Amino acid sequence: MTASVTVRVPAKVNVQLAVGGLRPDGFHDLANVFLAVGLYDEITVAPADELRVTCTGPDADQVPLDDTNLAARAALALAERHGRDARVHIHIDKDIPVAGGMAGGSADGAGALLACDALWGTGASREELLEICAELGSDVPFSLVGGAALGRGRGELLTPLEVGGTFHWVFAVADGGLSTPAVYAECDRLREVSGAGAGVADVPDPEPSAALLDALRTGDAAALAAAVSNDLQAAAVSLRPSLAATLAAGTEAGALAAMVSGSGPTTAFLVTDEAEATKVADALRESGTCRSVRVTSGPAAGATRRALPSPSGD
């Protein structure tokens, strides 16, 4: 048996997050345009006497190490389907912001699933892996796939999208996290208090922006900046008013677009090129409105097994 398997899996930014009305089952239909970006967690799995999870990296102390962790849940789900015990040590080398709206937990689930499949030689098809991902959470399938995709349903029904160039991003990481369910609940509350209503009968069905999809396809950063949108942004700022100052600081520094990433509280700034990314990043650091700043680009590949596995616990 292979001694260990390491999988690298990317973060994401939602360049469009259109949120439908509250369904009777408590979920919302989405038109969710994902773009994978080059910030990565690395998941290493190795045989062990029992299932255990360890984590190193920024904010590792905020990562649950029990079976609520999506990486552990992924191992358990694959093991149950293939009639084996999930006795593995899962180590997460974390670089994606925790609880930051960039799908770090989802990335860990997808990475652990792919790694366990390789370690155990289960030979699961891509379709089976995506099915398990969808059971684990709405963002997990995209973490497996990467690139760019339109997510329908709760975000788990993916259609790959063509991207015609590289988009440069600056991410400002806030202090602490935001609960995704709390942000959706605040979105519903704000819709109710506005008088428009929050149910499926009150909110138009979410649809992807044709202009945004065209901007992705042509690699036009200015056109993408004009089309990005996030229906959860008002709710995230309502729960964390300090995000408004971060968004303003990035805009004043010259970002083409400023937005909350997913459910937040990480904020995302689209820029023209690497030089502009450095300028905006420096301004955000000097603004004192965020805890840390990251510069990267997209699209990035989805979950990928490393050719040379690294030792568990690196």
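A brief look at the structure comes next.

What counts and how
- Residues numbered from 1 in each chain as written.
- Predicted model: local features only at pLDDT ≥ 70, side-chain atom pairs only at ≥ 80, totals over all residues.
- Heavy atoms only, no water.
- 1 Å grid on protein atoms, 1.4 Å probe; cavity = no way out; pocket = protein on both sides within 12 Å on 5 of 7 lines; lining within 4 Å.
- Points joined across faces, edges and corners; volume = space filled by probe spheres on them.
- Helix = DSSP H or I, 4+ residues; strand = E, 2+ residues; numbered from the N terminus.
- Nonpolar A, V, L, I, M, F, W, Y, C, P; charged D, E, K, R; others polar.
- Buried < 20%, exposed > 50% of the residue type's maximum accessible area, 1.4 Å probe, protein only.

**Concerning the layout of surface pockets**
It is a probe the size of a water molecule, rolled over the atoms, that shows where empty space is left.
Right, so step 1: Approximately 1100 Å³ is the volume found for the largest pocket.
Right, so step 2: Around the largest pocket, the lining comprises 41 residues; the ones closest to its centre are Leu70, Ser106, Asp139, Thr180 and Pro181.
Right, so step 3: Elements with a minimum of two residues in the lining of the largest pocket: strand 1 (5-22), strand 2 (28-47), helix 1 (70-81), helix 2 (104-120) and helix 5 (180-193).
Right, so step 4: In terms of residues, the lining of the largest pocket owes the most to one element, helix 2, which gives four residues.
Right, so step 5: Looking at the lining of the largest pocket residue by residue, the classes come out as 16 nonpolar, 19 polar and six charged.

**Observations concerning unusual backbone geometry**
Right, so step 1: Cis geometry is adopted by the peptide bond preceding Pro265, which originates at Gly264 and carries an omega value of 5°.
Right, so step 2: Assignment of secondary structure puts Pro265 in the loop between strand 9 (257-260) and strand 10 (267-271).
Right, so step 3: In the Ramachandran plot, Asp59 falls in the positive-phi region, its phi being about 60° despite a non-glycine side chain.
Right, so step 4: Tracing the backbone through its elements, the reader meets Asp59 in the loop between strand 3 (52-56) and helix 1.
Right, so step 5: Even without being a glycine, Ala103 presents a positive backbone phi close to 65°.
Right, so step 6: Along the polypeptide, Ala103 turns up in the loop between strand 4 (88-93) and helix 2.
Right, so step 7: The class of Ala103 is buried, set by a relative accessible area of 11%.

On their own, these measurements won't tell you what the molecule is for.
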